[in-house]
Structure formats: C-alpha cells, structure tokens
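# Working through the structure, step by step
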Amino acid sequence: MNPLLLDAPLFVEVATHRSFSKAAEALDLGVSTVSRRIRLLEKKLGNPLFLRDTHSVRITDAGELLLEHCKSIMSTADNALESFSRNMQQPSGRIRVSMYADVYYGAMQGVFSAFLDAYPEIQLNIHFFEDSPGILSESYDVILRQGPLPDSSLVAKKLFTIAPAVYASPKLLEKYPAPVIPQDLRHMPCITLSRFGSVWELRCDDKVSVVHTTPQFIVNSALLVQELVLGGHGVGLLRENAAASHEASGQIVRLLPQWHVPTHDLFIMVGSHQVPRRVRVFVDYMAKHFL
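In this report, we go over the structure that sits alongside the text. Owing to the predicted nature of the structure, the values given are computational and were not obtained by experimental measurement.

### A closer look at helix 8 (residues 222-230)
All of the buried residues in helix 8 are Ala222, Val225, Gln226, Leu228 and Val229. End-on, the buried residues of helix 8 take up no more than an arc of 165°, which puts them together on one face. Contacts from the buried residues of helix 8 go to helix 5 (101-107), strand 7 (164-168), strand 8 (189-193), strand 11 (214-219), strand 12 (235-239) and helix 9 (240-248). Where helix 8 begins, one side-chain oxygen reaches toward the backbone nitrogen of leucine 223, 3.2 Å away; that side chain belongs to serine 221.

As structure tokens, this is what we get:
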C-alpha cells in the first residue's frame, strides 16, 4: 500500500501542531513512532517535509504542497465514512423487484407505498410479469413468486398463502346446472390461468379428484380470470379473499364448497443471506407486514 495513505493522518497532525509530541498525543501514539514514520515517509518521497531543531518544527515548501493533497485525501475518506454511516442508519439506493402483477393488485396494494414512506432514501424498480417473474440474476435483487420454489439455493421467506376456490356467476348457472361432483366441471366452460394449467385438483377430506377442464379462455392474469367469471363466461379459480365481496353481493357463487383447491404460498426470495442492507430491510419489512 502507498505509505502516504497510511501516514497522511500523522503528517497532517504534525503539520497542524508544529510539534511531534502534540501530534503523538492527539493520535495516541508514541513520539518515537510518529517521528520514525515521518522519517520513513520523507525517505520514500525523497524530500524533507519538516525542518527540525530542539525548539521547533517547521514545514518545508515540499511539505506545504503535500499538506494540501493530504487534506484532500482525508476529507474524501471522512466523507466516505460519513456517507456509509448515514446509509447504515437510513438505507438508500435502488432495489429491483420482479413479481406477478395480479398478485400485487389482488393482495398487496399499498404495501410498496408504505415501505417508501418508511424508507424515503430507497428507490423501488418494480417489474410486473404475467407468466413468470423470472429468476434471480443481475437483473433483479428480489423476486416474489408462488411456490414451489424453482431453486433450493435461493433464500426465501413465506409472505402469505393464497387459497383459491371454484366460482361461477348466477348468469352462467342459468345455462349450466351447478356441479355436484368435481368431474361435472368437465361439462362446463372454464377459464384457466396459464401458469397453473387446465388440470384442476380438488380435495375433500381424504378424497382427491383430478379434473381435466374444458377451457373457454386461457389467460395469463388472475385479474382477467376474475373479470370473465364475473361476466358469466365460465367457471374459474379465484382467491377466496378477492372473491369474498363479489360473493357477498351475489355476483358470483362458490361451487363445490366442500371441495378445496390446494393452496399456494407466496415467497419473497433473494440470492443469498449476504445482501445489501437496503434489500435486507425491504425483505424484513415485507415479511413483517404480512405476518
């Protein structure tokens, strides 16, 4: 390492106090240590930095020139440490997030705004995907996606569970009789979400029924599934919490209520345990919010 980077603080203290003993006291070092290191620095630079006698220490012209550079170096270092300290107290910077658009609008609206209120120095870059939120790479810091997890090496925290159920509108049930058993769904138009496919698994106690549906529509947005179900265009799997208000108003009806569709957990994932603090506080905030 350049000796100037190590000895600049010693040099500046001696130049400021015009005294080796006072500089040593300020630095909490021995006088002999300060004197020795300044002499080594002078030897490396090939120029005397101080004129010494028994009563005083005077800086040379070369020393005056070096002093300005050292002050600049130390100011830059102080600013870097201050900036780092501020960042540790209040995280800042950009976080790149990838997730399903319909998951956010269906279950998470408002959470990002609340996070930015709590951490105003952080910027969120949100990338919404319909078919797949991608994989962790240089493009994203965080991914939110439904399980199962694509890669066991990822560090994941569960945020919440999505519980779908089978729904249809009264308008559709005017044309088709309500199903009594899951296999009756095969004879009804269905609206399927492309990422889950057209094969639905329903469970009742220890019974399992696998239904190969007849898709009337195949779409890549859960919000569009809901819209089409409300419009009477087919049977669809909707999140129970998202469907609750529509069911209460009579716009839709839950079919086969004794049968349950397997739930899906939503995870927030990062590439490793060692992430920047801004990413860590984001992950922790999301996890705490949905506890």
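### As for the layout of surface pockets
Of the pockets and cavities examined, the largest pocket occupies roughly 450 Å³. What lines the largest pocket is a set of 26 residues, among which Pro164, Phe196, Leu237, Val261 and His264 lie closest to the centre. Within the residue set of the lining of the largest pocket, elements represented by two or more residues are helix 5, strand 8, strand 9 (199-204), helix 8 and strand 12. Ranked by residues supplied to the lining of the largest pocket, first place goes to helix 8 with four residues. When the residues that make up the lining of the largest pocket are grouped by side-chain class, the tally is 17 nonpolar, six polar and three charged.

### Brief notes about the sheet that holds strand 6 (residues 155-162)
Spatially, 4-3-5-14-6 is the arrangement adopted by the five strands of the open sheet, whose pairing is mixed. The sheet terminates laterally at strand 4 (122-129) and strand 6, the two strands that pair on one side only. The average undirected angle you get between the axes of adjacent strands in this sheet is 20°. Examined bridge by bridge, strand 3 (residues 93-100) and strand 4 share eight bridges and lie parallel to one another. Bridged to valine 97 within strand 4 is isoleucine 126. The strands touched by helix 6 (residues 111-118) within the sheet are strand 3 and strand 4, with strand 4 carrying the most contacts at an inclination of about 165°. Along the sheet, helix 10 (residues 277-289) contacts strand 3, strand 4, strand 5 (142-146), strand 6 and strand 14 (264-270); its crossing angle with strand 3, the most-contacted strand, is approximately 45°.

### Details of the nonpolar core
Ile95, Met108, Val142, Leu144, Leu159, Phe282 and Met286 are the most contacted members of the largest nonpolar core, which has 28 residues in total. The set of elements that each furnish at least two residues to this core consists of strand 3, helix 5, helix 6, strand 4, strand 5, strand 6, strand 14 and helix 10. The leading source of residues in this core is helix 10, at six residues. Setting aside residues no more than four positions away along its own chain, leucine 159 makes contact with Leu144, Leu266, Ile268, Met286, Ala287 and Phe290. If you look at the next biggest cluster of nonpolar residues, it comprises 19 residues, including Ala8, Phe11, Val57 and Leu67.

### Structural notes on unusual backbone geometry
Of note in the backbone geometry, arginine 18 takes a positive phi value of approximately 55° without being a glycine. Owing to a relative accessible area of 38%, arginine 18 belongs among the partly exposed residues under this scheme. The phi angle at aspartate 28 is positive, at roughly 60°, despite the residue not being glycine. Mapped onto the fold, aspartate 28 is located in the loop between helix 2 (20-27) and helix 3 (31-45). Residue aspartate 28 is classed as exposed on the basis of its relative accessible area, which comes to 71%.

Thresholds, definitions, all that
- Residues numbered from 1 in each chain as written.
- Predicted model: local features only at pLDDT ≥ 70, side-chain atom pairs only at ≥ 80, totals over all residues.
- Heavy atoms only, no water.
- Buried < 20%, exposed > 50% of the residue type's maximum accessible area, 1.4 Å probe, protein only.
- Helix = DSSP H or I, 4+ residues; strand = E, 2+ residues; numbered from the N terminus.
- Arc of directions from axis to C-beta.
- Contact = heavy atoms within 4.5 Å.
- Polar contact = N/O pair within 3.5 Å; in protein donor to acceptor, adjacent residues only side chain to side chain.
- 1 Å grid on protein atoms, 1.4 Å probe; cavity = no way out; pocket = protein on both sides within 12 Å on 5 of 7 lines; lining within 4 Å.
- Points joined across faces, edges and corners; volume = space filled by probe spheres on them.
- Nonpolar A, V, L, I, M, F, W, Y, C, P; charged D, E, K, R; others polar.
- Pairing = 2+ DSSP bridges.
- Axes fitted to C-alpha atoms, helices over the stretch in contact; angles between N-to-C directions.
- Core = buried A, V, L, I, M, F, W, Y, C linked by side-chain atoms within 4.5 Å.

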